[in-house]
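What follows is the residue order along each chain.
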Amino acid sequence: MRASAIAIVLAACTFAAASDVAPPASPAGILVELFTSEGCSSCPPADALLQQLERWQPVAGAQLIVLSEHVDYWNHDGWTDPYSSHFFTERQNAYSDHFKLATVYTPQMVVDGNREFLGSDGRLALQACQKAASVRKIPIRISLIPEGAQQNSDKLRAHVEADALDESSKFKQADIYVVVALNSAESQVKGGENQGRRLSHVAVVQSLAKIGSVKKGKGFAQDVSLKLEPHTDPGRARIIAFVQESGQGQVLGAALQRVGK
């Protein structure tokens, strides 16, 4: 689907959703993960869709919190994706096991750990996000600790809180993760299937780590120190926290805090 077609679909669905649903005071955070690679010629349309989802925010009453996770198995034919990591390949493999897929593929989009599909399919993305918005979320709060938000620092410091699991929840325990991502990134690709193209990305994940857990009757509150990759401007970063069923299952809540203005 071309970017212009994606924009038309998102605009139409945004209008319909806004007409039918009154947004709550605090929008539900929905985690939208895209497994992508600069070495994959099918990935740029999915990268564009992820940017459109963040820009348009097409689901009333929800905040789509997007992540670009660049896998490393496309690092051949003369191009190594500078944002790739084997960690993201392993995370995608875990999703493949969870969804009982025969193999991993790119581009793959996963919404709230609960539904996966071809990452360039705008209609499926909207359907999955709209369905996810109807599910009750665990409130999560992120606040920057001022010393960690200063420019020219190699670390960010934040306070992360998550409410306890509801007593009626089917989950006994869920993991809480924290992410550092770049607001945007670009590459002039000099090899591989996208040779000669200038590619742009949104919410490019630098790090993703488990920092604790929540249980029934037991929430989470902790200060965290997050190391930035060398030469990263803290003002270009964002922090995301999310709660996910143990075993990389359903995402129960997510929140985003931008570092820069």
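### Focus: the pattern of salt bridges
Step number 1: In this structure the tally under the stated criterion is 11 salt bridges.
Step number 2: In this structure, the salt-bridge partner of Arg91 is Glu33, at a minimum N-O distance of 2.9 Å. Taken together, the positions of Arg91 in helix α3 (residues 86–99) and Glu33 in strand β1 (residues 28–36) put the pair 58 residues apart, joining distant regions of the chain. Across the pair, Glu33 and Arg91 agree in class, each one buried.
Step number 3: Residue Glu54 pairs with Arg238 through a salt bridge whose shortest N-O separation is 2.6 Å. Of the two residues, Glu54 is situated in helix α2 (residues 43–56) and Arg238 in strand β10 (residues 237–245); the sequence distance between them amounts to 184 residues. Across this residue pair, the class does not change: Glu54 and Arg238 are buried.
Step number 4: By sharing partners, the salt bridges in this structure join Glu33, Glu69 and Arg91 into a single network.

### Side note on the nonpolar core
Step number 1: With 25 residues, the main nonpolar core has Ile239 and Val243 as its most contacted residues.
Step number 2: Secondary structure elements with two or more residues in this core: β5 (140–144), β6 (155–162), β7 (173–188), β9 (220–227), β10 and β11 (251–258).
Step number 3: Non-local contacts of Ile239, meaning those with residues more than four positions away in its chain, are made with Ile142, Leu144, Leu156, Ala158, Val178, Val179, Leu226, Ala255, Leu256, Gln257 and Val259.
Step number 4: Formed by 20 residues, the second largest nonpolar core is a distinct cluster that contains Leu49, Leu64, Met109 and Ala128.

### Structural notes on the packing of aromatic side chains
Step number 1: Following the criterion strictly, the structure yields 4 aromatic pairs and no others.
Step number 2: Ring plane angle 15° and centroid distance 5.1 Å describe the contact between Tyr177 and Phe242, whose orientation is recorded as stacked. With Tyr177 in strand β7 and Phe242 in strand β10, this residue pair connects regions lying 65 residues apart in the sequence.
Step number 3: Looking at Tyr177, the relative accessible area reads 13%, which means it is buried.
Step number 4: Among the aromatic residues, those joined into a ring-pair cluster are Phe35, Tyr95 and Phe99.
Step number 5: Here Arg91 stacks its cationic end above the ring of Tyr177, 5.7 Å away from the centre of that ring.

### Section: α2
Step number 1: The end-to-end C-alpha distance of α2, which contains 14 residues, comes to 20 Å, matching closely the 20 Å that a straight helix rising 1.5 Å per residue would cover.
Step number 2: Burial analysis of α2 places 10 of its 14 residues in the buried class, the great majority of the element.
Step number 3: Listing the buried residues of α2 in full gives Cys43, Pro44, Ala46, Asp47, Leu49, Leu50, Gln51, Gln52, Leu53 and Glu54.
Step number 4: Positive backbone phi, at 45°, marks Gln57, one or two positions downstream of α2.

Quick notes on the rules
- Residues numbered from 1 in each chain as written.
- Predicted model: local features only at pLDDT ≥ 70, side-chain atom pairs only at ≥ 80, totals over all residues.
- Heavy atoms only, no water.
- Salt bridge = Lys/Arg side-chain N within 4 Å of Asp/Glu carboxyl O.
- Helix = DSSP H or I, 4+ residues; strand = E, 2+ residues; numbered from the N terminus.
- Buried < 20%, exposed > 50% of the residue type's maximum accessible area, 1.4 Å probe, protein only.
- Core = buried A, V, L, I, M, F, W, Y, C linked by side-chain atoms within 4.5 Å.
- Contact = heavy atoms within 4.5 Å.
- Phe/Tyr/Trp six-rings, centres within 6.5 Å; stacked < 30°, edge-to-face > 60°.
- Lys NZ or Arg CZ within 6 Å of the ring centre and 35° of its normal.
- Expected span 1.5 Å × (residues − 1).

Remember, this is a structural readout, not a statement about activity or role.
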